[in-house]
Amino acid sequence: MTTTTPPVTFDDVRDAAARLKGVAHRTPVLRSRTLDELVGAEVFLKCENFQRVGAFKFRGAYNAASRLSPEQLARGIAAYSSGNHAQAVALAARELGTTAVIVMPEDAPPSKRAATEGYGAQIVTYDRYTGDRVAIAEALAAERGLAVIPPYEHPHVMAGQGTAALELLEEVGELGALLTPVGGGGLMAGSATVAKGLYPDIRMIGVEPEAGDDTKRSLEAGRRISISVPHTIADGQALHTPGELTFSVNRRLVDAIALVGDDEIRDAMRFAFERLKIVVEPSGATPLAALLTGRAGALPARVGVIISGGNVDAGRFAELCGNRA
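Everything quoted here is computed from the prediction, not taken from an experiment. (Residues numbered from 1 in each chain as written. Predicted model: local features only at pLDDT ≥ 70, side-chain atom pairs only at ≥ 80, totals over all residues. Heavy atoms only, no water.)

This part covers the pairing of strand β5 (residues 122–126). The side chains of a regular strand alternate, first on one face of the sheet and then on the other. Sheet analysis places strand β4 (residues 100–105) next to β5, joined by five bridges and oriented parallel. Among the inter-strand pairings, V103 is bridged to a residue of β5, identified as V124. Once the chain exits β4 it traverses helix α6 (residues 110–118) before rejoining the sheet at β5, and the crossover so formed is right-handed. (Pairing = 2+ DSSP bridges. Helix = DSSP H or I, 4+ residues; strand = E, 2+ residues; numbered from the N terminus. Right-handed = clockwise from strand over helix to strand, strands pointing away.)

Right, here's the structure in full:
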């Protein structure tokens, strides 16, 4: 009988937490009596919108980049991302004294592109609906001798992302369910590894935009399914298929996927702003939307939510959350 070692383990996440100590922020956990009353459960919000670069992505990017050899760091790093991973790799590279080249879609939010450039990275753009960002990044890496750090398809990235869930569970104790956004699947893979390792009965619920339900379809089919690149305000989740490594973890550990519409995401962003006094980007608001709409299903007494990021500029936020006729 053969056994396959999972790409990320509980010990990997523990090791990442030690590496990130003093570098990444230990982000706050917020509570709201209003939210608890609305959903009928105690809700604990792990606010990664307060993380460095404004999103959980810094955890995985730094964990992976910090493990590169001095020779690799001297040559530089390449990555591809719609925004948050781009900023995370750019900042990690700066922290480690190296350079970064980031492949970003032409329609990436201007604020995310500006922040990435502000951390010192070079940006190469492509059309997300016709181009192959992985091929572009790998060609650049081969040409320049760069180390590629993908946004989710990497054991050290997954382990770093899982430290958000580790911190949450260390702070609040056992939860009956944990909700996270799902794009490529790295945050969920790391989070589920930790959560199921500590509390095997915890219910792991991923949340996707309705237009981008590739993980839900893949879990139902038992194999990775590809869809057309979705058009959704949740740009961080606008992917056509789950990662291979991440899916190998999530197909074992994820209990359910909830879907939310763009209008429901907008309502969740507005709720977070008006009632919780925090700014949340569309992808980060999807788990909150699933709670507020009941799409997460019946809830246990204590529920955790990872608010994955807050990178949305003032103009875009006003456009999305202004009163609808």
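There is more to say, and it comes next.
A few words now on the packing of helix α3 (residues 57–65) against helix α5 (residues 84–95). Here α3 crosses α5 at 45°, and the two axes come no closer than 8 Å. In terms of axis orientation, α3 runs oblique to α5. Handedness of the crossing formed by α3 with α5: right-handed. Along its contact with α3, which presents K57, F58, A61, Y62 and A65, the element α5 presents N84, H85, A88, V89, L91, A92 and E95. The class makeup of the residues in the contact of α3 with α5 is eight nonpolar, two polar and two charged. (Axes fitted to C-alpha atoms, helices over the stretch in contact; angles between N-to-C directions. Parallel < 35°, antiparallel > 145°, perpendicular 65-115°, else oblique. Left-handed = near helix turned anticlockwise from the far one by under 90°. Contact = heavy atoms within 4.5 Å. Nonpolar A, V, L, I, M, F, W, Y, C, P; charged D, E, K, R; others polar.)

Strand pairing in a sheet is mediated by backbone hydrogen bonds. Such pairs are either parallel or antiparallel. The six strands are arranged β1-β2-β10-β7-β8-β9 in an open sheet whose pairing can be described as mixed. Edge strands, defined here as strands with exactly one partner in the open sheet, are β1 (29–30) and β9 (256–260). Across six bridges, strand β2 (residues 42–47) lies against strand β10 (residues 302–307) in parallel orientation. Across the sheet, C47 pairs through a bridge with I307, a residue of β10.

Here the focus is helix α9 (residues 186–198). Between its first and last C-alpha, α9 extends 19 Å over 13 residues, near the 18 Å set by a 1.5 Å rise per residue. Extensive coverage of α9 is indicated by the burial of 11 of its 13 residues. Within the span of α9, buried status applies to G186, L187, M188, A189, G190, S191, A192, T193, V194, A195 and K196. Those residues of α9 hidden inside the fold are in contact with α1 (10–20), α8 (155–172), β7 (177–181), β8 (203–209), α11 (244–253) and β10. (Expected span 1.5 Å × (residues − 1). Buried < 20%, exposed > 50% of the residue type's maximum accessible area, 1.4 Å probe, protein only.)

Another aspect to go through is the packing of aromatic side chains. Going through the model one piece at a time under the given rule, you end up with two aromatic pairs. Here F58 and Y62 contribute two aromatic rings whose centre-to-centre distance is 5.7 Å and whose plane-to-plane angle is 35°, an arrangement assigned as tilted. One end of the pair is F58 and the other is Y62, both in helix α3 and four residues apart, which spans about a single turn. Here F58 falls in the buried class, since its relative accessible area comes to 0%. Given the relative accessible area of 11%, Y62 is considered buried. For the pair F273 and F317, a centre-to-centre distance of 5.2 Å together with 55° between the ring planes defines the contact as tilted. Note that F273 is positioned in helix α12 (residues 262–276) and F317 in helix α14 (residues 314–321), a separation of 44 residues in sequence. Directly above the ring of F44 sits R31, whose terminal nitrogen or CZ lies 4.4 Å from the centroid. (Phe/Tyr/Trp six-rings, centres within 6.5 Å; stacked < 30°, edge-to-face > 60°. Lys NZ or Arg CZ within 6 Å of the ring centre and 35° of its normal.)

L45, L179, L288, L291 and V305 are the most contacted members of the largest nonpolar core, which has 35 residues in total. It is α12 that contributes the most residues to this core, six residues altogether. (Core = buried A, V, L, I, M, F, W, Y, C linked by side-chain atoms within 4.5 Å.)

Next up on the list: the side chain of S218. Within the secondary structure, S218 is located in helix α10 (residues 214–221). Excluding residues that lie within four positions of it along the chain, S218 makes contacts with R223, R224, I225, P242 and F247.

Further remarks concern the environment of S111. For S111, the position within the fold is in helix α6. We classify S111 as partly exposed; its relative accessible area is 25%. Here the alpha-carbon distance between S111 and G83, two residues 28 residues apart in the chain, equals 8.8 Å.

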